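Each chain, written out:
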Amino acid sequence: MSEAAPSHTPDRQHRITIDRARLLAAAEAGDISPAQAERLWARWAGEAIAPPRFSFVQVLYYFGGLLAIGAMTLFMTLGWELFGAAGTLLLSLGYAVGSVAAARHLLRRGLHIPAGILATIAVCLVPLAAWSVQSGLGLWPEGGPESYRDYHRLIDWRWLTLEFATLAAAVVILWWLRLPFMVMPVAVTLWYLNMDVAHMLTRQSGFDWQLTRDVSLVFGLFTCAIAVWVDLRCRLASDPRDRQDFAFWLYLFGALMAWGGLSLHDSGSELGKLLYALINVALVFLGAAIGRRVFTVLGAIGVAGYLGYLSHKVFADSLLFPFALSLLGLGIVALGVWWQRHEARIHARLAAGLPAALRPLAEPR
């Protein structure tokens, strides 16, 4: 009887060897993101999957990039005005085109962080180019700032055209290059936009603090809503280039605007202040549930502010309040110890009540 041929299972027939170089090559080709490549390699190599580290190289990238962005925006000097509107326009466009070209070159080499920084420089130059066009054509409204140097210093409704141009250009370049750090100038521009819109609404009647506060709250909530929409689209995207954290900066600035506007409200009643404290407690748990620590930090600051109000106003002459507050503080420390021990299970339970697309995919950011 002849011996039967050995059967081959499908995994033996299609077995391949994957090393770190091939995995990084797949990331360069855009099949998966660099973060996913690192996590996969760590899992296959049997290593513990740790949160991304902020290495010295990344510090150099961001430090150099922020210096370049600051030179083109915050530290604009009178020397630029010697070039005139046409010269400034040509310089800003030249810098922007060069930055985008360099970003594309770095992106092809798999250097996503410096590519994102250079592309961000191009976006940050858009308001300068828009100001040069308006100034050169004599379309800049009278009565306001006459120098672009005041763009990052003064609140004025005349900057609105620069901000809308920046948002439009950022959307186009983001769609083209898809680099998350480019969302940073978008978030900053939305922050500027909310202040300048408030200035536009109050320029006839003078500065209205309450309206400015309310506009900040509305813009913050609107920015957070955009962040949720972006987050959902990124998590459900089929293209690996879209499955990156494009929502981080929107969450950050949206939460700051909304929380700032809310915190500046003076309810005038103890019930209103208690409601403010409860909203901040909800923010603490919201941040833990969706993995966005900015909500947790702001919520904790709000709760601490409410406790400080109680100690200085409501219980100013109470002998028991300091003892009660110290016990509460120690209780919170004990809660932190317990939370750390059961953090994974707590995050899972908090996220269970959220839509699947909003649940944290990895470590909280």
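Since the structure is predicted, the reported quantities are computational estimates derived from the model, not experimental observations.

*Asks:* A description of the overall build of the protein chain should follow, citing residues and the corresponding values.
*Replies:* Secondary structure assignment for the protein chain yields 15 helices and zero strands. Counting over 365 residues, the protein chain shows a buried share of 38%. Taking the contacts inside the protein chain whose residues are at least 6 apart along the sequence as the reference set, 63% of them involve residues at least 24 apart. For the protein chain, the exposed area adds up to about 21,700 Å²; of that, 67% sits on carbon and sulfur atoms.

*Asks:* Please give an account of the environment of Pro145 that cites residues and values.
*Replies:* Within the fold, Pro145 resides in the loop between helix 7 (126-136) and helix 8 (160-177). By relative accessible area, Pro145 is classed as buried at 8%. Residues Pro145 and Arg158 lie 13 residues apart in sequence; the distance between their C-alpha atoms is 8.2 Å. Beyond its immediate sequence surroundings of up to four residues, Pro145 is in contact with Trp140, Asp150, Leu154, Asp156, Arg158 and Trp159.

*Asks:* Describe the packing of aromatic side chains, listing the residues and the values that go with them.
*Replies:* Per the stated rule, a full pass over the model turns up twelve aromatic pairs. An angle of 75 degrees between the planes, with centres 5.9 Å apart, marks the rings of Phe181 and Trp249 as edge-to-face. Linking Phe181 in the loop between helix 8 and helix 9 (183-202) with Trp249 in helix 11 (residues 248-263), this pair joins segments that are 68 residues apart in sequence. Exposure remark for Phe181: the relative accessible area of 12% places this residue in the buried category.

*Asks:* Summarise unusual backbone geometry; cite the residues concerned and give the values.
*Replies:* Trans peptide bonds make up the majority, and among non-glycine residues the majority have a negative phi. Unlike most non-glycine residues, Arg178 shows phi in positive territory, near 55 degrees. The residue Arg178 is located in the loop between helix 8 and helix 9 in this model. Residue classification places Arg178 among the buried positions, given a relative accessible area of 18%.

*Asks:* Hey, could you go over the nonpolar core for me, with residue numbers and the actual values?
*Replies:* Grouped together as the largest cluster of nonpolar side chains are 61 residues, with contacts concentrated most on Leu162, Met182, Leu250 and Phe295. Per-element accounting of this core gives the leading share, ten residues, to helix 9. Those residues in contact with Leu250 that lie beyond four places of it in its chain are Val183, Val186, Ala187, Leu190, Thr223, Ile226, Ala227, Val230 and Ala255.

*Asks:* So what's going on with a nonpolar patch on the surface? Which residues, and what values?
*Replies:* Where nonpolar side chains cluster on the molecular surface, the patch consists of Phe56, Val59, Leu60, Phe63 and Leu67 and spans about 530 Å² of accessible area. Here Phe63 lies in helix 4 (residues 56-72).

*Asks:* Let's hear about helix 11: which residues, and what values?
*Replies:* Structural remark: α-helix, 3.6 residues per turn; residues separated by three or four positions point the same way. Along its 16 residues, helix 11 runs 22 Å from first to last C-alpha, staying within 8% of the 22 Å computed at 1.5 Å per residue. Listed as buried for helix 11 are Leu250, Tyr251, Phe253, Gly254, Ala255, Met257, Ala258, Trp259, Gly260 and Gly261.

Definitions and cut-offs
Residues numbered from 1 in each chain as written. Predicted model: local features only at pLDDT ≥ 70, side-chain atom pairs only at ≥ 80, totals over all residues. Heavy atoms only, no water. Helix = DSSP H or I, 4+ residues; strand = E, 2+ residues; numbered from the N terminus. Buried < 20%, exposed > 50% of the residue type's maximum accessible area, 1.4 Å probe, protein only. Contact = heavy atoms within 4.5 Å. Areas by Shrake-Rupley, 256 points an atom, 1.4 Å probe, with all protein chains shown as cover. Phe/Tyr/Trp six-rings, centres within 6.5 Å; stacked < 30°, edge-to-face > 60°. Core = buried A, V, L, I, M, F, W, Y, C linked by side-chain atoms within 4.5 Å. Patch = residues over 30% accessible without salt bridge, like charges linked within 9 Å, V, L, I, M, F, W, Y side chains within 5 Å. Salt bridge = Lys/Arg side-chain N within 4 Å of Asp/Glu carboxyl O. Expected span 1.5 Å × (residues − 1).

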